[in-house]
Amino acid sequence: MIVILTSAQQKDTLKNEKKIDEIKITRSAVKFKNGKIIVTPAGTATADASNSWEFIKNSGYADASEEGTIKIKQKYTTVYINDRKLRLSGIELKNYLESIPAKLIKNIEVIGTPDSSYPADEQSIIKINLVNSNIEGLKLGIGSSLGFTKKMNMAQNLNLNYKSEKFEINTLLSSTHANVLTEMNAEREYKNNIWDIAQNQDIQKSTNIYSLLVNYFADKRNKFSIYGEYNPVNTQSELNADNGLPTAERVSRKDSIFKYNSMFKDLGRSTNVQANYKFENDSATQKLNIQFEYLNANRKTNNSFRNYFYQQSYYLDGNRIDDSSSRNINMYIGNANYTLQTKNGEYGLQEEGFHTVTSIIPLI
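Note that the structure is predicted; figures quoted are calculated from it, not measured. Residue numbering note: each chain is counted from 1, following its sequence as written. Given that the model is predicted, a residue must reach a pLDDT of at least 70 before its local features are reported, and side-chain atom pairs must reach 80 or more before they are shown or counted; all residues, however, enter totals for whole chains, interfaces and linings. Side-chain metrics in this entry use all non-hydrogen atoms of the structure; hydrogen atoms and water are not considered.

(A) Region of interest: the pairing of strand β1 (residues 30–33). Two strands pair when backbone bridges link them, and β1 and strand β2 (residues 36–39) are joined in this way by four bridges, in the antiparallel orientation. Following the sheet pairing, Val30 is matched in β2 by Val39. One requirement defines pairing of two strands: DSSP has to find at least two bridges between them. Strands are runs of DSSP state E lasting at least two residues, helices are runs of H or I lasting at least four, and both sets are numbered from the N terminus onward. If you look at the hairpin formed by β1 and β2, you'll find two residues sitting between the two strands, and Asn34 has a positive phi there, around 50°.

This is the structure:
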């Protein structure tokens with residue numbers, strides 16, 4: 001009996017060893033390097049993301065709210081794309097990232113504690129690195145998606161890339177259109193009467209990106225870049241709310257009836273131009289980065305609304321009110337960063353200056 005049991009155990013051991021030999025070890029989709037967390041799409045929840053915003057939200061290393069706020073460990077986060085700082089926040093940042101397809105992302109770098117090469121006021125950083133093919137020549141990528149919930153959502157993008165030994169040219173044309181219909185009930189009080197008011201809101205928003213990036217590699221140490229981008233934005237929202245139609249029974253009770261209609265439009269565009277020179281020697285002991293950036297944002301907002309009541313057989317009309325405004329922002333930014341690494345540590349010198357012109361002009 002002892003011999004038989006030992007033989008059976010040996011057979012089971014051999015089977016387990018064969019199973020272990022068949023296990024394949026794949027490269028991890030998350031890496032930790034020099035205080036950074038690098039997340040690649042494959043093998044993680046981010047693989048199902050359709051755009052850059054979902055990629056960050058699904059990464060598990062950043063908290064992204066529907067209001068467009070991104071935080072890492074409760075610290076506000078600055079977003080970079082290919083070393084280009086995005087000077088957007090809130091819904092504008094969210095809409096912008098939603099218009100960049102996730103398939104263009106090579107990886108994201110999550111930096112909880114930035115080093116001296118970044119401005120001191122940046123608490124945490126997410127760097128989005130887009131795909132950069134090493135194959136020389138001309139490449140074209142086209143993508144399109146269509147989805148339905150209660151309304152239709154569309155996204156199209158076109159990416160054209162040319163690469164040679166000295167030059168790299170990348171263009172991106174991206175367009176997204178989202179239509180969201182929401183229904184909810186709210187309570188309001190009028191003349192000591194609590195109303196249950198049904199609200200229907202239809203939101204339409206579209207974001208487009210037209211960008212051109214040109215890189216010139218003079219040699220292994222010197223790189224020149226120029227980037228241009230045009231981004232028109234169109235958001236429209238219609239809100240209708242009422243607590244019921246005036247019926248004969250309600251009129252006889254002299255019951256109050258409330259109606260509210262609102263039309264909101266936010267139209268605008270932003271233009272961004274950036275020139276950059278980067279020097280990095282072969283041993284990476286010293287780095288020099290000089291950058292100039294110009295940003296213009298021109299937005300027009302119009303909100304028209306009307307409310308009226310039905311009481312005692314007649315309407316009390318609140319008239320129509322139009323609230324319009326425009327704002328124009330011009331920003332000029334220049335900064336230089338030099339870093340020298342020695343055996344005793346790292347020394348950095350950084351200068352940054354900017355000039356902002358803001359005008360808010362009410363429209364009659």
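Alright, that's what it looks like, and here's the rest.
(B) Spatial organisation of the pattern of salt bridges. Any carboxyl oxygen of Asp or Glu within 4 Å of a side-chain nitrogen of Lys or Arg constitutes a salt bridge here. For the structure on display, the rule yields nine salt bridges. Two residues, Lys94 and Glu66, come together in a salt bridge whose shortest N-O distance is 3.7 Å. Placement of the pair is Lys94 in helix α3 (residues 90–98) and Glu66 in the loop between β3 (63–64) and β4 (70–72), with a sequence separation of 28 residues. In this structure, Glu229 and Arg84 form a salt bridge, with 3.6 Å as the shortest nitrogen-oxygen distance. Here Glu229, found in strand β13 (residues 222–242), pairs with Arg84, found in strand β6 (residues 84–85); they are 145 residues apart in sequence, far enough to count as distant. Accessibility classification places Glu229 together with Arg84 in one group, the buried group. Among the charged side chains, a salt-bridge network with shared partners connects Lys57, Glu66, Lys94, Glu98 and Lys205. Under the scheme applied here, a residue whose accessible area is under 20% of the maximum for its type counts as buried, over 50% as exposed, and between as partly exposed, the area being computed with a 1.4 Å probe on protein chains only.

(C) Inspection of the layout of surface pockets at higher detail. Grid spacing is 1 Å over the protein atoms alone, the probe is 1.4 Å, and a cavity is where that probe fits but cannot get out, while a pocket is an open set with protein on both sides within 12 Å along at least five of seven lines and lining residues have an atom within 4 Å of a point. Grid points are joined across faces, edges and corners, and a volume is the space filled by probe spheres set on the points. Space inside the second largest pocket adds up to approximately 690 Å³. Looking at the second largest pocket, it is lined by 37 residues, and the ones nearest its centre are Ser50, Asn51, Glu98, Ala155 and Thr176. Only α2 (52–58), α3, β9 (137–148), β10 (152–163), β11 (167–190) and β12 (193–217) provide two or more residues apiece to the lining of the second largest pocket. Top element by residues in the lining of the second largest pocket is β11. It accounts for six residues.

(D) Looking closely at the side chain of Glu122. Assignment of secondary structure puts Glu122 in the loop between β7 (105–111) and β8 (124–130). Engagement of the side chain of Glu122 in a polar contact is seen with the side chain of Tyr80, the distance being 2.9 Å. A distance of 3.0 Å separates a polar atom in the side chain of Glu122 from a polar atom in the side chain of Lys85. Here Glu122 is in contact with Thr78, Tyr80, Lys85 and Pro114, once residues within four sequence places are set aside. Polar contact criterion, stated in full: a pair of N or O atoms within 3.5 Å, where within protein one must be able to donate a hydrogen and the other to accept it, and residues adjacent in sequence count only if both atoms are side-chain atoms. Contacts are assigned to residue pairs with any non-hydrogen atoms lying within 4.5 Å of each other.

(E) Highlighting the packing of aromatic side chains. Pairing of aromatic rings covers Phe, Tyr and Trp, the last counted by its six-membered ring, and requires centre-to-centre distances within 6.5 Å; plane angles under 30 degrees mean stacked, over 60 mean edge-to-face, and any other angle means tilted. Going through the model one piece at a time under the given rule, you end up with six aromatic pairs. Look at Tyr260 and Phe305: their rings are 6.5 Å apart centre to centre, the planes differ by 25°, and that puts the pair in the stacked class. Residue Tyr260 is found in strand β14 (residues 257–280), and its partner Phe305 is found in strand β15 (residues 286–311); the two are separated by 45 residues along the sequence. Residue Phe305 is classed as partly exposed on the basis of its relative accessible area of 23%. Here the aromatic rings of Tyr294 and Tyr332 are separated by 5.1 Å at their centres, their planes lie at 40°, and the arrangement is tilted. Here Tyr294 is found in strand β15, whereas its partner Tyr332 is found in strand β16 (residues 314–342), with 38 residues between them in sequence. By relative accessible area, Tyr332 is classed as partly exposed at 35%.

(F) Seen up close, the nonpolar core. With 27 residues, the main nonpolar core has Ile70, Tyr96, Leu97 and Ile128 as its most contacted residues. Broken down by secondary-structure element, the contributors of at least two residues to this core are β2, α2, β4, β5 (75–81), α3, β7, β8 and β12. Residues grouped as a nonpolar core are buried Ala, Val, Leu, Ile, Met, Phe, Trp, Tyr and Cys residues, joined through side-chain atoms within 4.5 Å. Formed by seven residues, the second largest nonpolar core is a distinct cluster that contains Trp195, Ile197, Tyr260 and Phe309.

(G) A look at the environment of Asp242. Summarising the element assignment, Asp242 is placed in strand β13. Sequence separation between Asp242 and Phe309 is 67 residues, and the spatial gap between their C-alpha atoms is 9.7 Å.

(H) Broad picture of the environment of Ser145. Considering the arrangement of structural elements, one finds Ser145 in strand β9. A residue is classified by how much of its surface remains accessible, and Ser145, at 42% relative accessible area, is partly exposed. Along the primary structure Ser145 and Thr176 are separated by 31 residues, whereas in three dimensions their C-alpha atoms are 9.4 Å apart. Discounting chain neighbours no more than four positions away, the residues touching Ser145 are Asn153, Met154 and Ala155.

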